[in-house]
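Here is how the chains run, residue by residue.
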Amino acid sequence: MSMQNSSFSPMPADSGGAPVCRRCGTCCLLGGPTLMLSDAALLVSGTLTLEALVCLRAGEWARDDARKALRPLEGERIKIAGPGGRVHPWRCRYYRESAGCGIYEQRPAQCTALFCMDTGPLEMLLAKASHLGRYAALNALANGIPGFSTLSAASRALLPDLVSAHEEQVSVRAVLELADRLGFFPQQAQGLTVERCAEQGPLEGSEREAAVAELGEAARLDAAFRDLCVERAGVPRAMLPFLFGRSVKDLLAEVGLKPVSGG
Ligand code: SF4
Ligand code: SF4
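Residues numbered from 1 in each chain as written. Chains lettered and ligands numbered in written order. Predicted model: local features only at pLDDT ≥ 70, side-chain atom pairs only at ≥ 80, totals over all residues.

Colleague: Give me the lowdown on the overall build of the protein chain, citing residues and values where you can.
Modeller: The number of helices and strands found in the protein chain is 10 helices and seven strands. Relative to a compact globule of 263 residues, whose C-alpha radius of gyration would be 18 Å, the protein chain shows 20 Å and is just as compact. With respect to the three principal axes, the spread of C-alpha positions in the protein chain is 70 × 45 × 35 Å. Counting over 263 residues, the protein chain shows a buried share of 30%. Within the protein chain, contacts between residues separated by at least 24 positions form 71% of all contacts whose residues are at least 6 apart in sequence. (Helix = DSSP H or I, 4+ residues; strand = E, 2+ residues; numbered from the N terminus. Rg over C-alpha atoms; globule rule 2.2 N^0.38 Å. Buried ≥ 20, exposed ≤ 12 C-beta atoms within 10 Å, placed from the backbone. Contact = placed C-beta atoms within 7 Å.)

What follows is the structure, encoded as structure tokens:
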């Protein structure tokens, strides 16, 4: 992970010849980290704000570098959100061109552990520590959410229930499994094996039509739920990716399924 400044000079090796991090920023451009439990302190201090985060929900397609595969996530992850687009869609938002990491002294645990030429420390962290989830994050922020001081205590207390209600109503795993059975799954895995999620076979005929309708309904429900949270519960729209992850519409578009009209 990167910290660059005017006095920085590349350092391919230390005096003993051992490889060291050159702080080139390549890993920051490829994607920010997911957060570990210990990173909750960075939320409380306001180093990381909820606006900067997105929840990757269980069932979403994600890289599993240990298995060299793209496969559905078993549990949720909180990740520093990227800007999207074609070039570096997951580029860390704290990375500054020519200045490096904007939060280097308080960077998340995975950033501290990561070194591209020796993945041992990161692997050890992932094996021994727990990932931060939405409930633990919200629990840590029960007394106030930096960056959202206007959110009332009542609205704040409601957030874990809203997360639960959304999980019950909109299952990402079910949505993406259905899309998989329709033949829509990641096609470009950049050298990784795609571990398909659908245990049952492809859908045909009327079952296929019913599945398409079901996915449309899931996308509609997801969008309506988010709007309701903003309009009725006073949830800031900027907080929605952290609370509910990316929209079903976006997740389906990512595997090639787009609505035929604006619906
Ligand atoms: S870990 Fe590797 S990719 Fe990341 S900044 Fe250091 S040298 Fe560059
Ligand atoms: S937090 Fe800093 S070190 Fe970590 S990915 Fe972002 S820019 Fe890189």
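Now that the structure is up, let's keep going.
Colleague: Break down unusual backbone geometry for me, with residues and values.
Modeller: The phi angle at Arg-23 is positive, at roughly 55 degrees, despite the residue not being glycine. Mapped onto the elements, Arg-23 comes out in the segment before helix 1 (26–30). Phi is positive for Ser-98, which is not a glycine, with a value near 70 degrees. By secondary structure assignment, the location of Ser-98 is in the loop between strand 5 (95–96) and strand 6 (100–101).

Colleague: Provide a residue-level description of the site of ligand 1, including the pertinent values.
Modeller: If you check the shell around ligand 1, you find 12 residues, and the closest are Cys-21, Cys-24, Thr-26, Cys-27 and Cys-116. A class-by-class count of the residues in the shell around ligand 1 yields seven nonpolar, three polar and two charged. (Near = placed C-beta within 6 Å. Nonpolar A, V, L, I, M, F, W, Y, C, P; charged D, E, K, R; others polar.)

Colleague: Describe in detail the environment of Cys-24, supporting the description with residues and values.
Modeller: With respect to the secondary-structure elements, Cys-24 resides in the segment before helix 1. Among the residues examined, Cys-24 registers 13 C-beta atoms within 10 Å and is labelled partly exposed. With 74 residues separating them in the primary sequence, Cys-24 and Ser-98 have C-alpha atoms 9.6 Å apart.

Colleague: Describe the pairing of strand 2 (residues 61–64), naming the residues involved and giving the relevant values.
Modeller: Pairing of strand 2 with strand 3 (residues 69–72) involves four bridges; the strand directions are antiparallel. Pairing of Trp-61 across the sheet is with Pro-72, part of strand 3. (Pairing = 2+ DSSP bridges.)

Colleague: Give me the lowdown on the nonpolar core, citing residues and values where you can.
Modeller: Counting residues in each nonpolar core, the largest one holds 32 residues, and the members touching the most others are Leu-53, Ile-78, Met-239, Phe-242 and Leu-243. For this core, the element with the most residues is helix 9 (residues 240–244), which contributes four residues. Those residues within four positions of Leu-243 in sequence are excluded, and the remaining contacts are Arg-134, Leu-159, Leu-162, Val-163 and Val-235. Counting residues in each nonpolar core, the second largest holds 16 residues, with Val-175, Ala-179, Leu-251 and Leu-252 among its members. (Core = buried A, V, L, I, M, F, W, Y, C linked by C-beta atoms within 7 Å.)

Colleague: Give me the packing of helix 7 (residues 172–181) against helix 8 (residues 205–233): which residues, what numbers.
Modeller: Two elements in contact, helix 7 and helix 8, have axes separated by 10 Å at closest approach and are oriented at 150 degrees. One finds that helix 7 runs roughly antiparallel with respect to helix 8. Every pair of crossing elements has a handedness; the one defined by helix 7 and helix 8 is left-handed. Two secondary-structure elements touch here, helix 7 through Val-175, Leu-178, Ala-179 and Arg-181 and helix 8 through Ala-211, Glu-214, Leu-215 and Ala-218. Partitioned by chemical class, the residues of the contact of helix 7 with helix 8 number six nonpolar, no polar and two charged. (Axes fitted to C-alpha atoms, helices over the stretch in contact; angles between N-to-C directions. Parallel < 35°, antiparallel > 145°, perpendicular 65-115°, else oblique. Left-handed = near helix turned anticlockwise from the far one by under 90°.)

Colleague: Please provide a residue-by-residue account of the sheet that holds strand 2, values included.
Modeller: Spatial strand order, 2-3-7: three strands in an open sheet with mixed pairing. Bordering the open sheet on either side are strand 2 and strand 7 (193–194), each of which pairs with just one other strand. Pairing geometry for strand 3 and strand 7, over two bridges, is parallel. Within the sheet, the bridge partner assigned to Ala-69 lies in strand 7 and is Thr-193.

Colleague: Now, about the environment of Leu-42: what can you tell me, with residues and values included?
Modeller: Along the chain, Leu-42 falls in helix 2 (residues 40–45). The buried category is assigned to Leu-42, around which 20 C-beta atoms lie within 10 Å. Distance in space between the C-alpha atoms of Leu-42 and Gln-106 is 7.3 Å, their sequence separation being 64 residues.

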